[in-house]
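# Architecture at a glance
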Amino acid sequence: MFLVLLKFSDNKGQASLHMEQHNAWIRRGFDEGVFVLVGSLKPHGGGGILAHRTTMEELRDRVNGDPFVAAGVVSAELLEIAPSRVDERLGFLRGDAP
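Residues numbered from 1 in each chain as written. Predicted model: local features only at pLDDT ≥ 70, side-chain atom pairs only at ≥ 80, totals over all residues. Heavy atoms only, no water.

On to helix H1 (residues 15-31), then. If you check H1, its first and last C-alpha atoms are 23 Å apart, about what 17 residues at 1.5 Å a residue would give, namely 24 Å. Of all bends in H1, the biggest is about 35°, found at glutamine 21. Considered for burial, the residues of H1 that qualify are Ala15, His22, Trp25, Ile26 and Gly29. Each element contacted by the buried residues of H1 is listed here: strand S1 (2-8), strand S2 (35-41), strand S3 (46-51), helix H2 (56-64) and helix H3 (67-70). (Helix = DSSP H or I, 4+ residues; strand = E, 2+ residues; numbered from the N terminus. Expected span 1.5 Å × (residues − 1). Bend = angle between axes of the 7 residues up to and from the residue. Buried < 20%, exposed > 50% of the residue type's maximum accessible area, 1.4 Å probe, protein only. Contact = heavy atoms within 4.5 Å.)

Now the structure itself:
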């Protein structure tokens, strides 16, 4: 499981130019079963993504394809989390649920 932090850069003002493509990129992540949560970093810090069913290398390639990352609107930090204890409602994140 991975946490992706997309933190706004000094180029934040260019976000509106890339928003439609960024939202399409997010939709693809959900459609392909990789993204399970996307939200804003408060206040006005950028965004966060919870991802699974991927490798670090695949996720890095995916994140580099984000129009916000490519245009320097955000910088990306990828963190891998190895769940050791999970609420049963989120058991699918362990990777052992059907």
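Following the criterion strictly, the structure yields three salt bridges and no others. Glutamate 32 is the partner of arginine 62 in a salt bridge, and the nearest nitrogen-oxygen pair spans 2.8 Å. You can see arginine 62 sitting in helix H2 and its partner glutamate 32 sitting in the loop between H1 and S2, a full 30 residues away along the chain. Across the salt bridge formed by arginine 89 and aspartate 87, the nearest N and O atoms sit 2.8 Å from each other. We classify arginine 89 as exposed; its relative accessible area is 69%. Relative accessible area serves as the criterion here: at 37%, aspartate 87 is assigned to the partly exposed category. (Salt bridge = Lys/Arg side-chain N within 4 Å of Asp/Glu carboxyl O.)

Our next topic: the pairing of S2. Of the strand pairs in this sheet, S2 and S3 are connected by six bridges, and their pairing is antiparallel. Of the residues in S3, the one forming a bridge with glycine 39 is glycine 48. Where S2 folds back on S3, the antiparallel hairpin that results is connected by four residues, among which histidine 44 adopts a positive phi of roughly 55°. (Pairing = 2+ DSSP bridges.)

What follows concerns unusual backbone geometry. Cis geometry is found at the peptide bond from lysine 42 to proline 43, where omega equals -15°. Along the chain, proline 43 falls in the loop between S2 and S3. Its identity as a non-glycine residue notwithstanding, histidine 44 has a phi of 55°, on the positive side. Positive phi values are uncommon outside glycine, yet arginine 53 reaches one of about 55°. Here arginine 53 is to be found in the loop between S3 and H2. Judged by its relative accessible area of 62%, arginine 53 falls in the exposed class.

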